[in-house]
Structure formats: C-alpha cells, structure tokens
Amino acid sequence: MKKTLLFISSILLGTISYAQYEGFENWTSNTLLNLDDYKTMIDERGLEGALAVKRSTDAFAGTYSIRLETVISPTNADTIFGFFLSGDPDTQTPGQATGLNGVDSIIGYYKYDIMSGDSCTLIASTFASSIPTGGGIFHIPTGTQTTWKRFAYAINALASDSLLLAAATGDPLIDFKGIQGTWIQFDNIQLKKGNQVVSVLNGGFENWTATNWEEPTNWKTSNYAAIFEPLLPVTKTIDKYAGNFAIELNTIVNNNNDTIAGLISNGDFNQNGLIGGQPFSGVPTAVEFYYKNTLSGVDTSWASIQFKSGGNVIATYGGQLAPVVNYTLVNQPVTLPMAADSVLIGAFAGENPGSKLFIDNIDLVFPVGVSENLSVEKLVTYPNPATDQIKIRFNLKNNSNVTIRLIDVTGKELTSRSLGQLSAGTFTESFNTSNYSSGIYFIEFLLDEEKIVERFTIK
C-alpha cells in the first residue's frame, strides 16, 4: 500500500538554530554504510534501517561482522527488524551462485541475545535450474550466546547451482513481528559439501559501501527515509536569497512508491508530529524569512513557529505559503505573553510529489531600544554566533547618517564603516570576522545622534 511520510499540517513545525538567524550556510557531511551484494533494512528505511543493520568490528574472522537488531522507530513507533537478503523468498528466487554442485550444510558463526518469546531466522535454500533442491528456514530460539559459536544447518541438496540466503531478527512466518532488544551477529558464512567449503557471497561481511550526503547543521530532516534516492527531500542549493546557500525542500516518490515530503525540524519526529526544539531566550517582535515555492496540483506548503516556556507552548504562528516565483519576504509579527525558553520553527514542502519549497534568511527580530523615537525600526545581526562574517540588516524609518563600528569587549575599535547619508529603507552590510578570535564582540550602530549597541559572538 502506498504510504505518505508527512505530518498533519495542523501540527506541522520546523526548526532554526537557537541563534537569531538561520541562513542555511552550514551543512554537515554524513556517511551511511550498507552491506554489499545484499538487500537490507537500510534499503527499505534509510537511516532508520541503519538502526537495525550495523557493521560491527566485533568479528570472528577478518575485520567486520554484521549485527541485526529489532528496534522501535523513533518517528512512528513501528517495530523495525534487521535483515540481509540475497534473492526473494516470496517468489523463491535465488540471489547468488553456490559454487558447489550439491550442498550438505551451511555453516558459520553467530552470537546473539534473543528476547523471551522471540526468535531469529536464517533462510538458506539451494536451487538447480531454478528448481528447489534443499535447505529451508532455520530458527534460532530465545536465549543468549555472548561468544562466537559455530552453527551448521543441514541443506541436503544433491544438486545445486544457486542459493537464496537471508537472515533476520524475528520470524517471516509471523511477518517478522519481533521484540525490541533482540539482536544477532553473523560472520564467516560458508557452504559445505564433504571436505569442500566455499564462502557465500560476501559471507565474511567485509564489504560495505558508503553513501555520503549533507544535512543542514543542527536540523532534523526527512532525508532519513530517502538516503539512496536520486533526489533527497532536503538539499543544499545555491539558488539562494543571500549568502552562499539556501535550503530546498522537495516532495518525492521513492523507489518503493512511497511519498516522502520535504520537511525540516530542530526537534524530533514521532507519530504525533514534531516535538522538542532549541533553547532560546527573549521576546522577539517578529519572525522574518524569505521563500519561494512551486506547488504540484492542489497542494499546500507550510511554515510555522512555536515559542515555549517550561515545555508549554505559549504562542504559535505561521501557516500556508502561497506559490511565488521569486524570493519573497514573509514578516510575521509576534506577541508573547512571557519570555520564551525554547523555539521550534519549520517548513514543509507539501503532500504532492513535485511540490518544492526554498527558504533562506530566517530572522527573529528584536526591539532595538526603549525609545519610541529611534530612526532605526529593525536591526538584525546574523549569523550569531558568527564564523567568517557577520551581517547587519537594518530598516531606517527616516533619512539618516549611518556609521557602523565593530568593537571588542575592551572597547577597542576593530573596524568601522561610514555609510554616509542613507534614505529611509532596508539595507544590509557585512563584515569579515575570519581574523578575529573566538569570543564576545559588539556592533556599534551610529545614526545621527543615536547610538545602538548589539552584542554578537564569534565561534
């Protein structure tokens, strides 16, 4: 049955870092290992599958073994079993050559901890000219084996040219409904006929392929379910509003015909939606971001923000995003009944495959002073903490003579820039901070007779 991996729009939330700004400039490289020559749960469920199928350096021989586990999905509470598979048990199709004409037994080594009432399964069936000739389904019952132990299961095939091989936590006869905590490791699996012994394909579990991708730093994304897809739901793009990068959310159909929505969050996913958030303090007056999107058919993309205090939601903002071709500013005024201690902001590309959403420059806007007569209406510094550069965006209500100074905690001026007389409007300036040490610094903003000081941090 086709399933849709998305969240109910009424509870859709997402993420920024706890800083005032997220420009999606920082991305983290990730690597996922999957077993060569076999299908595994990683092929089925991406990063969640990697919780159930692992390369282990605890090996009987060589460098690696394989560890299969039964785990609970952190996103929807499904039971996920670990498996590897060469062939297709449903159609009785083998997946590899035997290397022997006739097989007495399949041998190897395992260790395990199988929960009470549970079992693990090894499937080994031989074929000759596509006709089954021996083997079957072998169960490893409840129990614990903490050291490597040799196993041998009778195949009794007088003739063979190919092999169906699989192993799993759980039992295929009851749809693999296993018990969380069960695990089993395999290594050095071979086929035996008399004195002849041959290894099965990658039977020492030495060969694994690494898949690499990037994630926006400190964000949770829906990429966990689509690691091996040609297009990930969440990607870095140079089609940006400002800086070097923006984030692109795509709703895709994967190789299993499942729809996976482009989704981001600084919290976590579960069956109820998104939870958690990032630490945050303050009482902003608005949230701003730039976006553009394309909707496929009758669809809806969303962005929203929750402010929390003591784990309780104190304010929620956001909603549907209209289709726009060019980056467009969204300004959402914010009124909080009290200071927040965490924030959860996010975005969702839509339910229909082909819907696409770009987001850049998320700002939490704070009041710049207690005076109501200030010439500057908005002042935003980002990213904060900064690394290589700090940007300043400000909105002037009136024509003003503007000078910006960067100073350290001792009051020493590091650099200054006189912008001269500026007309009312919105302006952006950037300063190179790559030569400054980590620590706290200040931006001194001079407008005619007014002075505003903002603190920022360099990592």
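Being a predicted model, the structure only gives us computed values, none of them experimental. Here the residue index of a chain counts from 1 through its sequence in written order. Where local features are concerned, this predicted model is filtered to residues with pLDDT of at least 70; where side-chain atom pairs are given and counted, the filter is 80 or more; whole-chain, interface and lining totals use all residues. Each side-chain value is derived from all of the structure's non-hydrogen atoms; neither hydrogens nor water enter the calculation.

1. Points about the overall build of the protein
Logical step 1: Of the regular secondary structure elements, the protein holds 1 helix and 41 strands.
Logical step 2: Only protein chains enter the accessibility calculation, which uses a 1.4 Å probe. A residue is then buried if its area is under 20% of the maximum for its type, exposed if over 50%, and partly exposed in between. Looking at the protein residue by residue over its 459 residues, the buried ones come to 51%.
Logical step 3: Look at the contacts in the protein between residues 6 or more apart in sequence, and 71% of them connect residues 24 or more apart.
Logical step 4: Put simply, the protein shows about 20,100 Å² of open surface, and 48% of that area lies on carbon and sulfur atoms. Strands are runs of DSSP state E lasting at least 2 residues, helices are runs of H or I lasting at least 4, and numbering of each runs from the N terminus. When checking whether two residues touch, look at their non-hydrogen atoms; a contact exists if any pair is within 4.5 Å. All accessible-area figures derive from a Shrake-Rupley calculation using a 1.4 Å probe, and residue coverage is judged against the displayed protein chains alone.

2. Some thoughts on the nonpolar core
Logical step 1: Residues Ile66, Phe84, Ile106, Leu165 and Phe186 are the most contacted members of the largest nonpolar core, which totals 55 residues.
Logical step 2: Ranked by residue count, the leading element in this core is strand β16 (residues 162-169), at 6 residues.
Logical step 3: Every residue in contact with Phe186, bar those within four places of it in the chain, is listed here: Ser65, Ile66, Leu68, Phe84, Tyr109, Tyr110, Leu122, Trp148, Phe151, Ala167 and Phe205. What we call a nonpolar core is a set of buried Ala, Val, Leu, Ile, Met, Phe, Trp, Tyr and Cys residues that are connected through their side-chain atoms within 4.5 Å.

3. Re the pairing of strand β18 (residues 196-199)
Working note: regular strand, side chains alternate between the two faces of the sheet.
Logical step 1: Here, strands pair whenever DSSP counts at least two bridges between them. Sheet analysis places strand β17 (residues 183-193) next to β18, joined by 4 bridges and oriented antiparallel. Pairing of Lys192 across the sheet is with Val197, part of β18.
Logical step 2: In this structure, the hairpin formed by β17 and β18 is closed by a connection of 2 residues, where Gly194 is found at a positive phi of approximately 60 degrees.

4. Digging into the sheet that holds strand β41 (residues 450-458)
Logical step 1: Sheet architecture is open: 4 strands sit in the order β38-β37-β40-β41, paired in antiparallel fashion. Of all the strands in the sheet, just β38 (413-422) and β41 have a single pairing partner and so form its edges. On average, each strand axis in the sheet is tilted by 15 degrees relative to the strand beside it, whichever way the strands run.
Logical step 2: As judged from the 8 bridges shared by strand β37 (residues 400-408) and β38, these two strands associate in the antiparallel manner. Note that in β38 the partner of Ile407 across the bridge is Glu413. Simply put, an axis is a line fit to the C-alpha atoms, just over the touching stretch for a helix, and the angle between two N-to-C directions goes from 0 to 180 degrees.

5. Thoughts on unusual backbone geometry
Logical step 1: Residues other than glycine seldom take positive phi values, yet Asn188 does so here, at roughly 55 degrees.
Logical step 2: Positionally, Asn188 belongs in strand β17.
Logical step 3: Phi at Asn218 is positive, roughly 70 degrees, even though this residue is not glycine.
Logical step 4: You can see Asn218 is positioned in the loop between β19 (208-216) and β20 (220-221).

6. Here we look at the packing of aromatic side chains
Logical step 1: When the centres of two rings from Phe, Tyr and Trp lie within 6.5 Å, Trp using its six-membered ring, the rings pair. Their planes under 30 degrees apart give stacked, over 60 give edge-to-face, and anything left gives tilted. Applying the stated criterion across every chain, the model contains 17 aromatic pairs.
Logical step 2: Taken together, a centroid distance of 3.6 Å and an interplanar angle of 15 degrees make the contact between Phe60 and Tyr109 stacked. On the criterion of sequence distance, the pair formed by Phe60 in the loop between β5 (53-56) and β6 (65-69) and Tyr109 in strand β12 (residues 103-114) is long-range, its members being 49 residues apart.
Logical step 3: On the accessibility criterion, Phe60 (37% relative accessible area) is partly exposed.
Logical step 4: You can call Tyr109 buried: its relative accessible area is 19%.
Logical step 5: Arranged with centres 6.2 Å apart and planes meeting at 65 degrees, the rings of Tyr241 and Tyr327 form a pair that is edge-to-face. One end of the pair, Tyr241, is in the loop between β21 (234-237) and β22 (246-250); the other, Tyr327, is in strand β32 (residues 324-333), with 86 residues separating them in the sequence.
Logical step 6: Classification of Tyr241 by relative accessible area gives partly exposed; the value is 38%.
Logical step 7: Given the relative accessible area of 17%, Tyr327 is considered buried.
Logical step 8: Among the aromatic side chains, those forming a connected cluster through ring pairs are Tyr38, Phe84, Tyr110, Tyr112, Phe138, Phe151, Tyr153, Phe186 and Phe205.
Logical step 9: We count a charge as sitting over a ring when the NZ of a lysine or the CZ of an arginine lies within 6 Å of the ring centre and within 35 degrees of the ring normal. Seen from the ring of Tyr64, Arg55 lies directly overhead, with NZ or CZ sitting 3.9 Å from the centre.

7. Regarding the environment of Thr433
Logical step 1: With respect to the element layout, Thr433 can be found in the loop between β39 (425-432) and β40 (439-447).
Logical step 2: When its relative accessible area of 0% is taken as the criterion, Thr433 is described as buried.
Logical step 3: Put simply, Thr433 and Leu414 are 19 residues apart on the chain and 9.9 Å apart in space, counted from C-alpha to C-alpha.
Logical step 4: The residues touching Thr433, leaving out its near neighbours within four places in the chain, are Ala386, Thr387, Asp388, Gln389, Ile390 and Ile458.

8. Thoughts on the pattern of salt bridges
Side chains bearing opposite charge may pair, as long as their charged atoms lie close to each other.
Logical step 1: Between Lys or Arg on one side and Asp or Glu on the other, a salt bridge is scored when a side-chain nitrogen of the former is within 4 Å of a carboxyl oxygen of the latter. Taken as a whole and judged by the stated rule, the model has 12 salt bridges.
Logical step 2: For Lys111, the salt bridge goes to Asp58, with nearest N and O atoms at 2.8 Å. Linking Lys111 in strand β12 with Asp58 in the loop between β5 and β6, this pair joins segments that are 53 residues apart in sequence.
Logical step 3: Note on Lys111: relative accessible area 9%, which makes it buried.
Logical step 4: With relative accessibility at 31%, the residue Asp58 sits in the partly exposed group.
Logical step 5: Glu69 is the salt-bridge partner of Arg67, the closest N and O atoms lying 2.6 Å from each other.

9. Observations regarding the side chain of Ser162
Logical step 1: Relative to the assigned elements, Ser162 resides in strand β16.
Logical step 2: Owing to a relative accessible area of 10%, Ser162 belongs among the buried residues under this scheme.

10. A look at the confidence of the model for the protein
Logical step 1: Values of pLDDT, ranging from 0 to 100, describe the predictor's confidence in every residue of the model. Mean pLDDT for the protein: 85, with 90% of residues reaching 70 or above.
Logical step 2: In this model residues 1-20 is a low-confidence stretch, pLDDT under 50, and it forms 73 contacts with partners more than four residues away in sequence or in other chains.
Logical step 3: Throughout residues 368-374 the model reports pLDDT below 50, and contacts reaching past four residues in sequence, or to other chains, amount to 11 contacts.

11. Remarks on the side chain of Thr126
Logical step 1: By the element assignment, Thr126 lies in strand β13 (residues 120-128).
Logical step 2: Whenever a nitrogen or oxygen atom comes within 3.5 Å of another N or O atom, the pair is scored as a polar contact, on the condition that within protein one atom can donate a hydrogen and the other can accept it, and that pairs from neighbouring residues in sequence are kept only if both atoms are in side chains. Side-chain polar atoms of Thr126 contact the side chain of Thr133, separated by 2.8 Å.
Logical step 3: In this structure, Thr126 is in contact with Thr98, Val103, Ile131, Pro132, Thr133, Gly134, Ile155, Ala157, Ser160, Ser162 and Leu163, ignoring residues within four places of it in sequence.

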